[in-house]
Amino acid sequence: MRHVLFLHLLGASVWVGGHLVLLFSVLPGALRGRDVQPVRAFEQLYERVGIPALLLQIVTGVWLAGQWLPHSQWFDGSPIAHLIQAKLLLLGFTALLGVHARLALIPKLNAQRLPQLGVHIVLITLTAMAFVWVGAGFRFGGLF
Ligand code: HEM
């Protein structure tokens, strides 16, 4: 249990940290220089740790959720079930943003579309932070 939580926190650090660096360090430079290259370069480097980190979050998260509640109670109305549902909802939103970026944004990325990518990066970073907020809720028994 402790080791799985450790891995979950490690993956969370990579996922949230990487997106904060992208949002606050890489994106402003790209917008200022009207150049997509820094974003592309970062994505290429980050992908190698970011994607495994997200997969790790899913595997460890589902396992941890199973420790809190048996799967059959995940969709009940209890406060812990609501937290699990919130995690799954955020995961769905992350997947949608990922697919949209891969299929619609990245292939046609140019300087004019950079602000659009910026909105996307803000949304994925907020979603990553929301994962952490909901995660902290398990210890305190609710979302707020
Ligand atoms: C990028 C995605 C995710 C991030 C950044 C993230 C982050 C976190 C953080 C920071 C905690 C707090 C741990 C603590 O209590 O000390 C947590 C807890 C938790 N997360 Fe996630 N999480 C992610 C995805 C998921 C997913 C997909 C699930 C699956 C439903 C999940 C299930 C849980 C559970 C059950 C806990 C409570 C662990 C415990 O304290 O026993 N997480 N998460």
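Look above for the structure.
Calculation rules
- Residues numbered from 1 in each chain as written.
- Predicted model: local features only at pLDDT ≥ 70, side-chain atom pairs only at ≥ 80, totals over all residues.
- Heavy atoms only, no water.
- Donors = N, O, S within 2.8 Å, 3.2 Å for Na, K, Ca; no water.
- Tetrahedral: all angles 85-135°; square planar, octahedral: opposite > 155°, others 65-115°.
- Helix = DSSP H or I, 4+ residues; strand = E, 2+ residues; numbered from the N terminus.
- Buried < 20%, exposed > 50% of the residue type's maximum accessible area, 1.4 Å probe, protein only.
- Contact = heavy atoms within 4.5 Å.

**Digging into the coordination of the iron atom of the ligand**
Part 1: All of the protein donors around the iron atom of the ligand are His8 (NE2) and Lys87 (NZ); their distances to the metal are 2.0 Å.
Part 2: One can describe the site at the iron atom of the ligand as octahedral: its six donor atoms subtend angles covering 81 to 178 degrees at the metal. With His8 in helix H1 (residues 2-33) and Lys87 in helix H3 (residues 79-105), this pair connects stretches of sequence that are 79 residues apart.
Part 3: His8 sits in the buried class, given a relative accessible area of 14%.

**Brief notes about unusual backbone geometry**
Part 1: For Arg34, which is not glycine, the phi torsion reads 45 degrees and is therefore positive.
Part 2: In this fold, Arg34 is placed in the loop between H1 and helix H2 (37-68).
Part 3: For Arg34, a relative accessible area of 66% corresponds to the exposed category.

**Examining the side chain of Thr125**
Part 1: Here Thr125 lies in helix H4 (residues 114-140).
Part 2: The buried category is assigned to Thr125, whose relative accessible area is 2%.
Part 3: Apart from residues no more than four positions distant in its own chain, Thr125 is found in contact with His19, Leu20 and Leu23.

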